[in-house]
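Chain residues, written in single-letter form:
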Amino acid sequence: MPFETVEGVLRTELTDGERARLVEVEPAPIAAASVAQVHEARLDSGERVALKVQRPEARAQIERDLAILGVGARMLDVIPSFHLLALPGAVERFGDALANQLDFRLEAANNRRLGENFAGVKGVRVPDLYEELCTERLLVMEFIDGTKATHPERVKERKARRRLAARGGEAILKMVFEDGFVHADMHPGNILLQDDGTLVFIDLGMVAEIPSDMMRPWIETFQALGSNDGVAAARLFYAYAPFAATRDYAAYERDTVAFFDRFADKKLGEVEVSEVVGGMMNILRRHRIQVEPIFTVVNLGVLVAEGLGKQLDPDIDIVQMALPYLAQCVAKAPEGRPPRREPPV
């Protein structure tokens, strides 16, 4: 996006007095994506800030892309093997998520909520916002110096790497198991690592909230995965699946149990969540069982925690770290949502 276009968005979104507060705006962006780009700036008070400026054509481009995706999803949905994927519904949910990303006031609210959730947690934070300058198409926030988690090798000190790994894992587990409010675009590019060991989450346009009545089913599912309980894992994924067309439940259960038997002789720390989750997803696809969407979101969160943690500290054990959260959550979680179906007897 040319700088004159950025200036045009600033003039449209801010009053003359508000625009005057931005005494310097760097013409070259420091980050750019399909919806927005980010520029460093300085306020009249001297503070460095980051400006997230929405592209004027972003809404029209997203609407065009979603229309094309919708047509393709409906065409594929009539094929039995693709119907299992529930593509039209997935495109609709994706469209809702993208629409929310176009209103930066929602991202500001997500930023505030995550900040409040971690207010009492040392070493984990989000950027502070300049609320009076944030609008539907503009965010003005504290400028954060840090290393993107896409380059964890740049954190040289081993002690700092281990501390960041632990904090990142604990933070994501807190989102997933304690708060039920999860950063849903949590790739390493949206996590900044600071020299003092602080971890900063950015770009909160997409979040997921775990319904209170799905917290207990999710915890039970994760417990089954973490304890290699194939019978329980098979039952829970089947019971809460939006769509299940398996013709032979017994064969599905046998495949699940056989898969988990591979980990029977391994210690807890030797089993990686990514391997367990990936294998389970393959079994579900093979037996035509759709995954409950909220399980997908939270599993991805745990996978990010493990992947980033292993890069910073190869000895990190996310399953072991999760055990205290699981114990607390089981005690506090409300009664779970009734299952959609029970396994055949």
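Whatever comes next refers back to the structure up there.
Report on the accompanying structure. (Residues numbered from 1 in each chain as written. Predicted model: local features only at pLDDT ≥ 70, side-chain atom pairs only at ≥ 80, totals over all residues. Heavy atoms only, no water.)

1. Here's the deal with the side chain of Q194
- Examined against the element boundaries, Q194 turns out to sit in the loop between β9 (191-193) and β10 (199-201).
- Side-chain polar atoms of Q194 contact the backbone oxygen of D145, separated by 2.9 Å.
- The residues touching Q194, leaving out its near neighbours within four places in the chain, are R125, I144, D145, G146, L164 and V200. (Helix = DSSP H or I, 4+ residues; strand = E, 2+ residues; numbered from the N terminus. Polar contact = N/O pair within 3.5 Å; in protein donor to acceptor, adjacent residues only side chain to side chain. Contact = heavy atoms within 4.5 Å.)

2. Here we look at the side chain of T135
- Along the chain, T135 turns up in the loop between β5 (124-125) and β6 (138-142).
- By relative accessible area, T135 is classed as buried at 13%.
- A distance of 2.5 Å separates a polar atom in the side chain of T135 from a polar atom in the side chain of E13.
- Discounting residues that sit within four places of it in the chain, T135 has contacts with E13, L14, F104 and R105. (Buried < 20%, exposed > 50% of the residue type's maximum accessible area, 1.4 Å probe, protein only.)

3. Quick word on the nonpolar core
- One finds F177, F201, W218, F237 and Y252 to be the most contacted residues of the largest nonpolar core, which totals 70 residues.
- No other element matches helix α7 (residues 158-179), which puts nine residues into this core.
- Ignoring any residue separated from it by four or fewer positions in sequence, one finds F177 in contact with M215, W218, I219, F222, A322, Y325, L326 and C329.
- Listed in part, the 15 residues of the second largest apolar core include L10, V49, L51 and Y130. (Core = buried A, V, L, I, M, F, W, Y, C linked by side-chain atoms within 4.5 Å.)

4. Side note on the packing of aromatic side chains
- Under the definition given, this model contains eight aromatic pairs.
- Each ring, one from Y238 and one from Y249, has its centre 4.9 Å from the other, and the planes form 70°; the classification is edge-to-face. With Y238 in helix α9 (residues 230-239) and Y249 in helix α10 (residues 249-261), the pair connects residues that are eleven residues apart, well separated along the chain.
- Centre to centre, the rings of Y249 and Y252 are 5.4 Å apart; their planes meet at 70°, and the pair counts as edge-to-face. In this pair, Y249 and Y252 both sit in helix α10, three residues apart, roughly one turn of the helix. By the burial criterion, Y249 is buried, and Y252 matches it.
- Through a chain of ring-to-ring contacts, three or more aromatic side chains come together here, namely F177, W218 and F222. (Phe/Tyr/Trp six-rings, centres within 6.5 Å; stacked < 30°, edge-to-face > 60°.)

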